[in-house]
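Spelled out, the chains give:
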Amino acid sequence: MGFTQIFDEAIRPLDKWNATLYINAMIKTFRHKGLEAFFTTGSKAGIQPRHAAKLERQLIRLNVAKNPSYMNMPGWDMHPLTANLAGHYSVSVNGNWRMTFKFDGEDAVLVDYQDYH
(Lines give C-alpha, C1' and ligand atoms only; values in the text may rest on other atoms or scores of the structure.)
Protein backbone atom coordinates (compact mmCIF):
# COMPACT_ATOMS: atom_id res chain seq x y z
CA MET A 1 0.00 0.00 0.00
CA GLY A 2 1.48 3.36 -1.04
CA PHE A 3 1.54 6.55 1.00
CA THR A 4 -1.33 8.04 -0.96
CA GLN A 5 -3.47 4.94 -0.32
CA ILE A 6 -2.63 5.01 3.40
CA PHE A 7 -3.56 8.69 3.51
CA ASP A 8 -6.86 8.03 1.71
CA GLU A 9 -7.74 5.34 4.28
CA ALA A 10 -6.84 7.68 7.15
CA ILE A 11 -9.14 10.49 5.98
CA ARG A 12 -12.08 8.31 4.92
CA PRO A 13 -13.79 8.79 8.35
CA LEU A 14 -14.01 12.51 7.59
CA ASP A 15 -16.48 11.76 4.80
CA LYS A 16 -19.28 11.13 7.29
CA TRP A 17 -19.10 14.81 8.25
CA ASN A 18 -18.83 15.97 4.64
CA ALA A 19 -15.52 17.57 5.53
CA THR A 20 -13.28 18.89 2.80
CA LEU A 21 -9.57 18.42 3.17
CA TYR A 22 -7.22 20.26 0.86
CA ILE A 23 -3.91 18.57 0.25
CA ASN A 24 -1.17 19.94 -1.94
CA ALA A 25 1.27 17.16 -2.66
CA MET A 26 4.65 18.79 -2.81
CA ILE A 27 6.66 16.07 -4.56
CA LYS A 28 6.04 16.72 -8.23
CA THR A 29 8.71 14.67 -10.05
CA PHE A 30 11.09 11.80 -9.41
CA ARG A 31 14.33 10.89 -11.17
CA HIS A 32 14.52 7.44 -9.53
CA LYS A 33 11.70 5.17 -10.71
CA GLY A 34 12.14 2.74 -7.81
CA LEU A 35 11.77 5.56 -5.28
CA GLU A 36 8.69 6.81 -7.12
CA ALA A 37 7.16 3.32 -7.01
CA PHE A 38 7.94 3.08 -3.29
CA PHE A 39 6.27 6.45 -2.69
CA THR A 40 3.15 5.70 -4.76
CA THR A 41 2.63 1.97 -4.15
CA GLY A 42 4.88 0.94 -1.24
CA SER A 43 6.85 -1.42 -3.49
CA LYS A 44 10.40 -1.99 -2.22
CA ALA A 45 11.50 -3.61 -5.48
CA GLY A 46 13.50 -0.58 -6.65
CA ILE A 47 15.13 0.42 -3.35
CA GLN A 48 17.32 -1.17 -0.71
CA PRO A 49 14.69 -2.81 1.57
CA ARG A 50 16.71 -1.96 4.69
CA HIS A 51 16.35 1.74 3.78
CA ALA A 52 12.54 1.62 3.55
CA ALA A 53 11.70 2.91 7.04
CA LYS A 54 13.96 5.96 6.81
CA LEU A 55 13.02 6.69 3.20
CA GLU A 56 9.37 6.58 4.22
CA ARG A 57 9.94 9.22 6.92
CA GLN A 58 11.97 11.37 4.53
CA LEU A 59 9.45 11.16 1.71
CA ILE A 60 6.54 11.99 4.01
CA ARG A 61 8.43 15.05 5.28
CA LEU A 62 9.50 16.09 1.77
CA ASN A 63 5.92 15.78 0.52
CA VAL A 64 4.75 18.49 2.95
CA ALA A 65 7.90 20.63 2.74
CA LYS A 66 7.60 24.09 1.28
CA ASN A 67 11.37 24.68 1.15
CA PRO A 68 14.59 22.76 1.78
CA SER A 69 14.85 23.81 5.45
CA TYR A 70 11.94 21.47 6.29
CA MET A 71 14.34 18.59 5.59
CA ASN A 72 16.95 19.78 8.11
CA MET A 73 16.23 17.08 10.68
CA PRO A 74 18.70 15.65 13.23
CA GLY A 75 20.66 12.75 11.75
CA TRP A 76 19.71 13.50 8.15
CA ASP A 77 22.80 15.62 7.36
CA MET A 78 20.84 17.90 5.00
CA HIS A 79 23.13 20.05 2.88
CA PRO A 80 23.15 21.85 -0.48
CA LEU A 81 25.07 20.24 -3.33
CA THR A 82 27.55 21.98 -5.60
CA ALA A 83 29.10 21.69 -9.08
CA ASN A 84 26.80 19.89 -11.56
CA LEU A 85 24.15 19.42 -8.82
CA ALA A 86 24.10 23.07 -7.68
CA GLY A 87 20.58 23.95 -6.56
CA HIS A 88 19.95 20.39 -5.32
CA TYR A 89 19.95 19.24 -1.70
CA SER A 90 20.87 15.96 -0.09
CA VAL A 91 19.78 14.05 3.01
CA SER A 92 21.52 10.95 4.30
CA VAL A 93 19.64 7.66 4.10
CA ASN A 94 22.32 5.17 5.19
CA GLY A 95 26.05 4.87 4.60
CA ASN A 96 26.75 6.35 1.16
CA TRP A 97 23.08 6.35 0.14
CA ARG A 98 21.41 9.74 -0.19
CA MET A 99 18.06 11.12 -1.25
CA THR A 100 18.58 14.23 -3.37
CA PHE A 101 16.05 16.80 -4.52
CA LYS A 102 15.59 20.39 -5.53
CA PHE A 103 12.72 22.83 -5.18
CA ASP A 104 10.77 24.59 -7.88
CA GLY A 105 8.89 27.20 -5.86
CA GLU A 106 7.22 25.22 -3.08
CA ASP A 107 7.36 21.89 -4.96
CA ALA A 108 10.02 19.20 -4.59
CA VAL A 109 11.24 18.01 -7.98
CA LEU A 110 13.84 15.63 -9.39
CA VAL A 111 13.76 13.47 -6.26
CA ASP A 112 16.51 10.87 -6.55
CA TYR A 113 17.95 8.00 -4.50
CA GLN A 114 21.61 7.32 -5.08
CA ASP A 115 24.92 6.05 -3.76
CA TYR A 116 26.93 9.07 -4.82
CA HIS A 117 30.17 8.88 -2.82
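Remember, it's a predicted structure, so these values are computed and weren't measured experimentally.

Q: Lay out the packing of aromatic side chains with the relevant residues and their values.
A: Within the structure shown, the criterion is met by four aromatic pairs. With a centroid separation of 6.1 Å and an interplanar angle of 25 degrees, the aromatic rings of Tyr89 and Phe101 are classed as stacked. With a gap of 12 residues between them, Tyr89 in strand β2 (residues 88-94) and Phe101 in strand β3 (residues 97-104) connect regions that are remote in the sequence. With 4.7 Å between their ring centres and 25 degrees between their planes, Trp97 and Tyr113 make a pair best called stacked. Here Trp97, found in strand β3, pairs with Tyr113, found in strand β4 (residues 107-115); they are 16 residues apart in sequence, far enough to count as distant.

Q: Would you mind going over the pairing of β3 in detail, with residue names and values included?
A: Counting buried residues in β3 gives six out of eight residues, a clear majority hidden from the surface. Where β2 meets β3, six bridges bridge the pair, whose relative direction is antiparallel. Along β3, the bridge assignment pairs Val91 with Met99. What sits between the antiparallel neighbours β2 and β3 is a turn of two residues, in which Gly95 has the positive phi angle 55 degrees. Bridge count for β3 against β4 is seven bridges, and the pairing is antiparallel. Residue pairing in the sheet places Asp104 in a bridge with Asp107 of β4. Connecting the antiparallel pair β3 and β4 is a turn made up of two residues, with Gly105 showing a positive phi of about 70 degrees.

Q: Before we move on, could you go through helix α2 (residues 33-41) and cite the residues and values that matter?
A: The set of residues buried in α2 consists of Gly34, Leu35, Phe38 and Phe39. Projected down its long axis, α2 carries its buried residues within an arc of 140 degrees, all on one side. Positioned one or two residues after α2, Gly42 has a phi angle of 90 degrees, which is positive.

Cut-offs used in this document
Residues numbered from 1 in each chain as written. Predicted model: local features only at pLDDT ≥ 70, side-chain atom pairs only at ≥ 80, totals over all residues. Heavy atoms only, no water. Phe/Tyr/Trp six-rings, centres within 6.5 Å; stacked < 30°, edge-to-face > 60°. Helix = DSSP H or I, 4+ residues; strand = E, 2+ residues; numbered from the N terminus. Buried < 20%, exposed > 50% of the residue type's maximum accessible area, 1.4 Å probe, protein only. Pairing = 2+ DSSP bridges. Arc of directions from axis to C-beta.

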